[in-house]
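Geometric and topological summary
Spelled out, the chains give:
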Amino acid sequence: MKYVNFCLVAIVSLFFMSSSIKTEKTSIGYYPGEQIPNIVLSGLEGQHLDLSEYKGRKVVLSFWAAYDAQSRASNVQLYNYLKEAAPDVTFLSISFDENRNVSERTALLDKIDLNSQFCDETGTNSAIYKEFRLRHGFKNYLIDENGVLLAIDLSIEKLKEQI
């Protein structure tokens, strides 16, 4: 009987401890289920990016650089898919090329609307580059209407499942 009472007390204690650490606000981070940190940049066409202004809309955020063929190809594929199949999802793209002209010309060659293109000219020294740990490879993110990350490293197939 002692052991049964001990087990019941332990289970009830664990239940109350686990429910007490829940918060109403989603934690900020870089993984699915977390709130994406805000990003503020200027665009290739002089527009201003403040990621917090996109709340209420689904967003695909793509990080890339002209010198990285895989990230560039992924950027183009995502842009073209969203333009055709999901125009209600906003596409935002951030290049980490140190020369804005390289980023702009690459986007033009890839036939991507410059209004969705932003460039962080500090390249690999960028705070965004470091915060999102992009030295291990460029990534893209699907963000819901509340700014919560839904998925990372989307292929077209994964994106179709998510939206």
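Residues numbered from 1 in each chain as written. Predicted model: local features only at pLDDT ≥ 70, side-chain atom pairs only at ≥ 80, totals over all residues. Heavy atoms only, no water.

**Re the packing of aromatic side chains**
Basically, it comes down to this: Stacked, tilted and edge-to-face are the three classes assigned to paired rings of Phe, Tyr and Trp, where Trp is represented by its six-membered ring and a pair needs centres within 6.5 Å; plane angles under 30 degrees give stacked, over 60 edge-to-face, the rest tilted. Helical segments are the DSSP runs of H or I of at least four residues, strand segments are the runs of E of at least two, and each set is numbered from the N terminus. In this scheme, a residue with accessible area under 20% of its type's maximum is buried, one over 50% is exposed, and one in between is partly exposed, where area comes from a 1.4 Å probe on protein chains only.
Summed over the entire model, instances satisfying the criterion amount to 10 aromatic pairs. With centroids separated by 5.7 Å and ring planes inclined at 50°, the aromatic side chains of Phe63 and Phe96 adopt a geometry described as tilted. Of the two residues, Phe63 sits in strand β3 (residues 59-64) while Phe96 sits in the loop between β4 (90-95) and α3 (100-109), which places them 33 residues apart along the sequence. The same class applies to Phe63 as to Phe96, namely buried. Look at Phe96 and Tyr129: their rings are 5.5 Å apart centre to centre, the planes differ by 70°, and that puts the pair in the edge-to-face class. Linking Phe96 in the loop between β4 and α3 with Tyr129 in helix α4 (residues 127-131), this pair joins segments that are 33 residues apart in sequence. Each member of the pair, Phe96 as well as Tyr129, is classed as buried. Joined through ring pairs, the aromatic side chains of Tyr30, Phe63, Tyr67, Phe96, Tyr129, Phe132, Phe138 and Tyr141 make up one cluster.

**Examining the pairing of strand β6 (residues 140-143)**
To be explicit about the condition: Pairing between strands is defined by DSSP: at least two bridges between the two strands are required.
Burial of β6 is two-sided: the residues Asn140 and Leu142 facing one way and the residues Tyr141 and Ile143 facing the other way are all buried. Relative to β6, β3 runs antiparallel, the two sharing 4 bridges. The partner of Ser62 across the bridge, within β6, is Asn140. Where β6 hands over to strand β7 (residues 149-152), the hairpin turn is made up of 5 residues, of which Gly147 adopts a positive phi near 85°.

**Considerations on the side chain of Asp97**
What counts is decided by this rule: Within 3.5 Å is the distance limit for a polar contact, defined as a pair of N or O atoms, with the added protein rule that one can donate a hydrogen and the other accept it, and that residues adjacent in sequence qualify only through two side-chain atoms. Here, residues are in contact when the closest pair of their heavy atoms is within 4.5 Å.
Following the sequence through the fold, Asp97 ends up in the loop between β4 and α3. At a separation of 3.0 Å, a polar atom in the side chain of Asp97 contacts the main-chain amide nitrogen of Ala66. Excluding anything up to four places from it in sequence, Asp97 contacts Trp64, Ala65, Ala66, Tyr67, Val102, Ser103, Cys119, Asp120 and Glu121.

**Quick word on the pattern of salt bridges**
It is possible for side chains of opposite charge to pair when their charged atoms get near one another. Basically, it comes down to this: Definition used for salt bridges: Asp or Glu carboxyl oxygen within 4 Å of a side-chain nitrogen of Lys or Arg.
Per the stated rule, a full pass over the model turns up 2 salt bridges. In this structure, the salt-bridge partner of Asp110 is Arg72, at a minimum N-O distance of 2.8 Å. You can see Asp110 sitting in the loop between α3 and β5 (117-119) and its partner Arg72 sitting in helix α2 (residues 69-85), a full 38 residues away along the chain. The class for Arg72 is partly exposed, based on a relative accessible area of 25%.

**A word on the sheet that holds β4**
Our working definition: An axis is simply a line fitted to the C-alpha atoms; with a helix, the fit covers only the stretch in contact. Between two such axes, the angle follows the N-to-C directions and lies from 0 to 180 degrees.
A sheet is described by the order of its strands in space; here 5 strands give the open sequence β5-β4-β3-β6-β7, paired in mixed fashion. This sheet does not close on itself; its edge strands, each paired only once, are β5 and β7. This sheet shows a mean twist of 20° between the axes of neighbouring strands, independent of strand direction. In the packing of α2 onto the sheet, contacts are made with β3, β4, β5 and β6, and the angle to β3 comes to roughly 160°.

**Regarding the nonpolar core**
Basically, it comes down to this: Residue types Ala, Val, Leu, Ile, Met, Phe, Trp, Tyr and Cys, when buried and joined through side-chain atoms within 4.5 Å, form a set referred to as a nonpolar core.
Judged by nonpolar contacts, the single largest core of 24 residues is most densely connected at Ile39, Leu61, Phe63, Ile94 and Phe132. Every element with two or more residues in this core is listed here: β3, β4, α4, β6 and β7. When residues in this core are grouped by element, the largest group, 3 residues, is from β3. Grouped together as the second largest cluster of nonpolar side chains are 15 residues, Ala86, Phe91, Ala151 and Ile156 included.

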